[in-house]
Structure formats: structure tokens, C-alpha cells
Amino acid sequence: MKPLTGVRIIEFDGLGPVTFAGMVLADLGAEVLRLTRADGASAFGDVGGAVLHRGRSAVPVDLKSPDDRAVVLDLIARADAVIEGFRPGVMERLGLGPDVCAAANPRLVFGRVTGWGQTGPLADTVGHDINYIALTGALHAMGEPDRPPRPPLNLVGDYGAGAMLLVTGVLAAIIEARQTGQGRVVDAAMTDGTSLLSSLFHALSASGLWSAERGTNLLDGSAPFYRCYACADGRFVAVGALEPRFYAALLHGLGIDPAEAPQFPPSGWPALHARFGDVFGTRSRDDWAAHFDGTEACVTPVLTFAEAASHPHNVSRSTLVGDPVQPSPAPRFDNTVIAPQPGTALDLSSAVARWT
């Protein structure tokens, strides 16, 4: 039995965070019905569908049809939660807003994920991950000091700040609803979530330990002992030797006298960048990985997604499995790997019968 066995979720098919949230909830055992367009088309199309749509049933519906809306409302009356990622007001215009759904099911948790949130001057404005993390200050802190900020894929806004905090809010509200009999609306805004994920940097800034000048801080790639280096074969290693003893192990592995390379003050970092770069440039990535293997220098190879699937550690934990290759559900419970399950197709009448 999985942790969320018995939990029922209605997912309104969409892009980005709501799709990822539906996948995570299904991975953990919730029964998720993913409501798609009447023609069966997905907002994602065929891109990523085999992975991102895994573990739940795709149910085609016509939300402009009064009959289909009535059936969907019947399903909602039997669900623990709804998750949707439309712009504010769309669900209300479809006749399936939180008030209507709560009237049918007072215990329902209504999870909403957007970039700007349900309220505020930008609530109705279009945008994407890069825009949301830009407005929070997070994007400004990323990248090289003499170049424009570089977005960290869409891992921060869409998935960390959006999907994962939607999942957290929905599960918290389900626990509360089971105790009180009363559901809630969960407003997961990527701007709010990104700000929350940035808590450490707000704390460091308030303490005078973080500069707004990109490329001058401990964790933004300016420290020579916390950054990536190019190797002789054009590939890279990642160095994370923050603590003094780890830094000492790094210097030992590079053959550098500690007296010639003090870790602080930061004024000495540019010279150390150059020196470390010269040394790492003398050998291949995999040579350096083997050289530092088993040490405390915190040096690892920077792998491609394809290489990551065959790394011995990931193989031993079944971190990436299947065809197409995809991540196993996480976290694991009692050290048990939950195998990812494929998505299935289901018609609306069968979905109702299943939940009757």
C-alpha cells in the first residue's frame, strides 16, 4: 500500500506545475483522474506525456457541455481534492469554481497554482517561470557577474515553487478536512513559493552576508571552492568544498600547498579561480572523478541526463528507470522504491462507475 492510497484527486489537465503535481500525487498512491479535452488531446501534446502523465487515468470531457459538467461535478463530490492551473476566473466561468464545488462537497480541497496568485495587480497577467522568479529577486542572483542572469531551467518557479508547494498545501488541507469536515482553497503562487525558497538568502542579506552584486557571494559561483570547472576533455566537475576540512581535502587532491591558498578572505578568490582552473584543465572529467573518489573534497562529475541514468549510484537506487528513462517516484518510504506506473485511458462514465 502506498502512502496516499484512498485519496482521490481530480486534475484539470494543463501545463507546467499542475501536471507535475498530479504526477507526484499519483506516484504516492492517490487515485488521480486527469480530465482532458473532449478530443483526448493533452495540453502537453505528446511531449513528455509518457513520463509526466504517468500513474493516472486520462478522462476526456467537454467542459462547455452542461451534461459533462454535471458529471464532473458528481466526481468532484466524491473527491478529496481538485487541482487546476488555469488563470484566475477560468474555473468560475466554466461553472466549476470553488464555491460551486464546495456546495457539492464541503470537505473538498480546491488547489490552484498560478504564477502570480489569485489576487494582486498581476493576477491576470500572462507569464512564465522566468518572469515569476525575476519578480522575486531570485533570478537576479543567478549567473555570471558580467552577463545577464541565467534561468535555472524551470525547476525553481514551475516545479519547486509551484508544483511542490501546491502538493504540500493540498495534502495539509486534506489532513485538516478529515479532522474538521471543512475544505479549503489552496492558492499556490509561484512568486510566493520562489520567495519562500529564497528564505536563506533573505536571511543572509539581512545579516549583511549577501550582496546584490552577482558573482560576489559564497553560493553563487564566485567562491573558488563552490563552482564548476572545465576539464581537459571539455567536460566539467562540480566542486562543493565549503567546510574547512573539505577544502583541505580539495587542496590535497589538487596538489596545492594550503599556505599558498587560504580559503578566505574573498579578495583572494579570483586568483584561486584561475589556479584551480589551470589544474582542473590538465585532466579529463572522469580522471578527476576517479582521483577524488572516496575523499572529502566534494568533487563530482557534471553529468548529462543520459549519463546520470547509468551512474552506479543512481543505478543502485533505481533512481532513473524504464523506457523511456524517467525518475522513480520520490521520496521513498521504508527504503522501498515505488515503480512508476503508466498512464491509462478512461471514459467519463467509467470514471463515475469507478468512484461510485
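Relevant structure appears above.
Everything numeric here is computed off the predicted structure, so don't read it as measured data.

*Asks:* For the nonpolar core, give the residues involved together with the corresponding values.
*Replies:* Side chains that are nonpolar tend, in soluble globular proteins, to be buried together. Core analysis: the largest hydrophobic core is formed by 27 residues, its most contacted members being Ile-9, Leu-25 and Ile-83. When residues of this core are traced back to their parent elements, those giving at least two are helix H1 (17–27), strand E4 (81–84), strand E5 (109–114), helix H7 (155–180) and strand E6 (185–189). Ignoring anything within four residues of it in the chain, the contact list for Ile-9 reads Leu-25, Ala-30, Glu-31, Val-32, Leu-33, Ala-81, Ile-83, Ile-174 and Trp-355. Membership of the second largest hydrophobic core comes to 24 residues, among which are Tyr-229, Ala-241, Leu-251 and Val-299.

*Asks:* Account for the pattern of salt bridges, naming residues and giving values.
*Replies:* Throughout the structure, instances matching the rule amount to 17 salt bridges. Of the charged contacts in the structure, one is a salt bridge between Arg-285 and Asp-286, with a shortest N-O distance of 3.0 Å. Take Arg-285: its relative accessible area is 3%, and that puts it in the buried class. Through salt bridges that share partners, Asp-233, Arg-235, Arg-285, Asp-286 and Glu-307 make up one connected network.

*Asks:* An account of the sheet that holds strand E9 (residues 299–301) is requested, with residue identities and associated values reported.
*Replies:* Strand-to-strand pairing in sheets goes through backbone hydrogen bonds, with the strands running parallel or antiparallel. Spatially, the three strands line up as an open sheet ordered E7-E8-E9, and their pairing is antiparallel. Since the sheet does not close on itself, it has two edges, and those belong to strand E7 (226–230) and E9, each with one partner. Taking each pair of neighbouring strands and ignoring which way they run, the sheet shows an average axis angle of 25 degrees. Here E7 pairs with strand E8 (residues 236–240) via five bridges, running antiparallel. Residue pairing across strands places Ala-230 opposite Phe-236, the latter belonging to E8. The strands touched by helix H11 (residues 269–280) within the sheet are E7 and E8, with E7 carrying the most contacts at an inclination of about 45 degrees.

How each quantity is defined
Residues numbered from 1 in each chain as written. Predicted model: local features only at pLDDT ≥ 70, side-chain atom pairs only at ≥ 80, totals over all residues. Heavy atoms only, no water. Core = buried A, V, L, I, M, F, W, Y, C linked by side-chain atoms within 4.5 Å. Buried < 20%, exposed > 50% of the residue type's maximum accessible area, 1.4 Å probe, protein only. Helix = DSSP H or I, 4+ residues; strand = E, 2+ residues; numbered from the N terminus. Contact = heavy atoms within 4.5 Å. Salt bridge = Lys/Arg side-chain N within 4 Å of Asp/Glu carboxyl O. Pairing = 2+ DSSP bridges. Axes fitted to C-alpha atoms, helices over the stretch in contact; angles between N-to-C directions.

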